[in-house]
Every structure is written in structure tokens, then in C-alpha cells.
Amino acid sequence: MSKFFSSKYRDLTPYTPGEQPKDFKYIKLNTNESPFPPSKKAIEKAKEQLDILNLYSDPTCSSLVKKTSELLNVNEDEIIFGNGSDELLYLSFLAYCDNQNGAVFPDISYGFYKVFAKLCSIPYAEISLKDDFTIDINDYFNLNKTIFIANPNAPTGICLSTSQIEKIVKNNLNSIVIIDEAYIDFGGESAIFLTKKYDNLLVIQTFSKSRSMAGARLGFAVGNKELIKDLNTIKYSINPYNVNRMSMACGVGALCDEEYTRQNCKTIIDNREFTTKELLKLGFSVLDSKANFVFATHNKVCGKTIYEKLKQKGILVRYFNKKRIDNYNRITIGTLEQMKALLNALKDILEEN
Ligand SMILES: *Cc1c(COP(=O)(O)O)cnc(C)c1O
């Protein structure tokens, strides 16, 4: 740290992204990326933008907003796009949390919530998941704080129903509830339809997982138009051109090929069910996942050993050195071939130990 670094940030611990090895020698099951390339339509549309990169991108993202509004049946002024859903989460922390309205989120959830809270000097509370890693919705009623919930949750994969989400929203009419639906396309039901009924609900989604565009950095939020106005006020105060031309066009292409996304999601769900069954046979406990990953622990070999031995065998999974979950690994669901390689490696590891 330099002596010039603001005292505000000296104690900041930044988010730790999953390993991104530069060589392609690993089977990468550690950052919940899609194993499939983006849609061909998405790639074509992105390429068309290369010749006009001298021009700024559209700050209103109108092509994307229009397409999204048609697909989701929400008004155009109820949508905002961002540079990944991470940026929309950041804008939400800036817009809806202050010293009075601190933030609250589960103790085991997406690591970025805590990082944003600290970055923005926002007081925050973490609510413990139950012993079985589910959320007790009663813990989230009348909190008078801005609530952040990933649904399905990460890294557990466990999903709340929309009726449970609605109860949380209904019991916090004077606070904002932000539902981070990064993994909703893998078997959960989106709460977007509830944004028509509640002006305190914001739903955030991403193109990173189900639409195979993690590298493009594209996400969006849906909510009451006044909420979207607030987020735009912050966005235009930081980076009006937050979505670049290629990603914008790529996103429109992906939305013109919803069938491709649906097919890929179905394949991932099938592979997840296959992997879960096989892991159970090997003596793992696996949480009930509605995401493109599973969270698993073994009854004999500890989580850290499994992570390290898999890495030696060329397979990367995500290990969190954190209380309550330090015996688990989060395993991204890839192609069937990748999952079979994982299961074979695990068999070997269990025999060695
Ligand atoms: C992956 C993920 C995100 C980040 O998505 P980007 O759109 O790539 O920024 C947000 N929330 C959760 C829970 C995630 O797992």
C-alpha cells in the first residue's frame, strides 16, 4: 500500500475472484461459467461493432432494453443495464444504503455484498442460514434495512420460491429488497413479475451464466420506474457508457436466440442431476441445487484435500476457507464429459485416502 492510499480504504479486503489460469490445461469448474460458447447470433452481432468502435456506446442501451422489455413483458423504463450484474449491485449499494439504511444479507452468500458494503462504508448485518443452509424467511421481516438475497443462493444453490420472496417483500414495504437472480435460469422461478405489484423490489439478472457471456460483462435490473431512475442517476454520475458496443450487440444477439439459451440450461440441469446422483453414490452429501453448480461435502475426506487433489489432477473447483462451509466444494456443472472426468478423479482420490 502506498502512503497516499485513502485512509477510508486501508482496511478494505477486496473480493477474491476464482482462479483464472492463463493456460487452458485445467477443466475449469470453479467460477460457474458456461461450458458452451455464446450463441452464433450473439457473436455475429458483436463483430459488426468492431468497425465503429470510434463511436461511444448508447448510454441508454435502448436496443437491449427494448428486446428485454418484450421478452419479460415489463416496460422499458423499468429496466437498466450494467457492466455485469456486479455493477448493478454496486449501484444499488450506493443508491439504497446509508448509515440509517444499512444492508443485510445471509452470512453465507455472494462474497461481493460484504465487499460493496465496506467499500461504501455502509453498516451491514449478516443473518445466519439455518443449519441445513436454507434461509428462514421470518428472519427477514421488518428489518428496516436494505436486503440483498441471491436466489438461488450462492454457493449453496438452494432456491426460495416466489411466494417466499413475496412474503419478504410484503413484510418490508419501507425498505428495498434486492433479489440477485444470477442463477435463476437453471430451475428457479424469477420474481420479476412481482415488480409490477411492489415498488420496493429490485430483481437483478446477468448474461454471465445461462447466456454464456461472462467475459462480455452484461447484467440488468428490473424494478419500478422510480427505482430505475434512481439507479440511472448514480450510473450517469459514474459511467454513462457502462456497457460497451460489443457487449450490447452481443446481448441483443443472445436475446434473439432464446432457444439456444433454453437448450443449454436444460443440458446443464440434466448434467447437474446426473452429477448429484453419482456424487451421492461416492459418499458425498450434496445440497439441493437449482443453479449451475453443486455444493458438496464428503463424509470421509475433507473439503480442502479434495480441492487440492483435484487441482493436481487438472480439475479446478471452488473451495471457500470460511467457517461452516470449509468442508465443502462448489463444483460448476460443465459438459457431461467434464463431469465424468470429475467423477473419475474423485473416485481415484477417495481410493487414495
Ligand atoms: C456470478 C454472480 C454474479 C456476477 O455476475 P456478473 O454479471 O458476471 O457480474 C452476481 N451475483 C451472484 C450471486 C453471482 O454468482
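Our subject is the structure that appears above.
Residues numbered from 1 in each chain as written. Predicted model: local features only at pLDDT ≥ 70, side-chain atom pairs only at ≥ 80, totals over all residues. Heavy atoms only, no water.

Attention now goes to the packing of aromatic side chains. Tallied over the full model, the rule gives 20 aromatic pairs. Their ring planes at 15° and their centres at 4.3 Å tell us that Phe112 and Phe116 sit as a pair that is stacked. Separated by four residues within a single helix, Phe112 and Phe116 lie in helix H4 (residues 112–119), roughly one turn from each other. You'll find Phe112 and Phe116 in the same group, each marked buried. (Phe/Tyr/Trp six-rings, centres within 6.5 Å; stacked < 30°, edge-to-face > 60°. Helix = DSSP H or I, 4+ residues; strand = E, 2+ residues; numbered from the N terminus. Buried < 20%, exposed > 50% of the residue type's maximum accessible area, 1.4 Å probe, protein only.)

Close contacts around the ligand come from Gly84, Ser85, Asp86, Tyr110, Asp180, Ala182, Tyr183, Thr206, Ser208, Lys209 and Arg217, and that covers them all. Side-chain polar atom of Tyr183 to an oxygen atom of the ligand: 2.5 Å apart, as the coordinates give it. Taking Arg217, its side chain carries an N or O atom lying 2.7 Å from an oxygen atom of the ligand. Coverage of the ligand by the protein amounts to 93% of the 390 Å² it exposes when considered alone. Tallying contributions element by element places helix H3 (residues 84–96) first for the shell around the ligand, with three residues. Split into classes, the residues belonging to the shell around the ligand amount to three nonpolar, four polar and four charged. (Near = heavy atom within 4 Å. Polar contact = N/O pair within 3.5 Å; in protein donor to acceptor, adjacent residues only side chain to side chain. Areas by Shrake-Rupley, 256 points an atom, 1.4 Å probe, with all protein chains shown as cover. Nonpolar A, V, L, I, M, F, W, Y, C, P; charged D, E, K, R; others polar.)

Here we take up the packing of helix H2 (residues 62–72) against helix H7 (residues 245–255). Their axes nearest at 9 Å, the elements H2 and H7 cross at an angle of 20°. Compared by their axis directions, H2 and H7 come out roughly parallel. The two elements H2 and H7 cross, and the hand of that crossing is left-handed. Within the contact between the two elements, H2 uses Ser63, Leu64, Lys67, Thr68 and Leu71 and H7 uses Met248, Gly251, Val252 and Leu255. A per-class count over the contact of H2 with H7 returns five nonpolar, three polar and one charged. (Axes fitted to C-alpha atoms, helices over the stretch in contact; angles between N-to-C directions. Parallel < 35°, antiparallel > 145°, perpendicular 65-115°, else oblique. Left-handed = near helix turned anticlockwise from the far one by under 90°. Contact = heavy atoms within 4.5 Å.)

On the surface, Leu50, Leu53 and Met246 cluster together into a nonpolar patch covering about 250 Å² of accessible area. Residue position: Leu53 is located in the loop between helix H1 (40–47) and H2. (Patch = residues over 30% accessible without salt bridge, like charges linked within 9 Å, V, L, I, M, F, W, Y side chains within 5 Å. Salt bridge = Lys/Arg side-chain N within 4 Å of Asp/Glu carboxyl O.)

Once that is clear, we can look at the side chain of Asn30. Mapped onto the fold, Asn30 is located in the loop between strand E1 (27–28) and H1. With sequence-adjacent residues up to four places away left out, Asn30 is seen in contact with Gly18, Glu19, Leu316, Val317, Arg318, Arg330 and Thr332.

So, on to the packing of H3 against helix H6 (residues 225–238). In the contact formed by H3 and H6, the axes pass within 9 Å of each other and the chain directions differ by 105°. Put simply, H3 runs roughly perpendicular to H6. Within the contact between the two elements, H3 uses Tyr90, Leu91, Ser92, Leu94, Ala95 and Tyr96 and H6 uses Leu227, Asp230, Leu231, Ile234, Lys235 and Ile238. Residues that form the contact of H3 with H6 fall into these classes: nine nonpolar, one polar and two charged.

This part takes up the environment of Ile168. Tracing the sequence through the fold places Ile168 in helix H5 (residues 162–170). In this structure, the C-alpha to C-alpha distance between Ile168 and Tyr140, residues 28 residues apart in sequence, is 6.2 Å. Apart from the residues within four sequence positions on either side, Ile168 is in contact with Ile137, Tyr140, Phe141, Ile147, Ile149, Leu160 and Val177.

Quick look at the sheet that holds strand E6 (residues 177–180) now. In space, the seven strands of this open sheet follow the order E2-E8-E7-E6-E5-E3-E4, with mixed pairing throughout. At either margin of the open sheet sits one strand with a lone partner, and together these are strand E2 (79–82) and strand E4 (124–127). Within this sheet the neighbouring strands show an average axis-to-axis angle of 20°, counted without direction. Packed on one face of the sheet, H3 meets E2, strand E3 (103–106), strand E5 (146–150), E6, strand E7 (201–206) and strand E8 (219–223) and runs near 155° to E7. Along the sheet face, H4 touches E3, E4, E5 and E6 and points at about 160° away from the line of E4. (Pairing = 2+ DSSP bridges.)

Across the five residues of E5, five count as buried, placing the element largely inside the fold. Where burial is concerned, the two faces of E5 agree: the one with Thr146, Phe148 and Ala150 and the one with Ile147 and Ile149 are both buried. Looking at chain direction, E3 and E5 are connected through two bridges and run parallel. Looking at the pairing, Val104 lines up with Ile147 of E5. Judged from the four bridges that link them, E5 and E6 form a sheet pairing that is parallel. Opposite Ala150, over in E6, you have Asp180 as the bridge partner.

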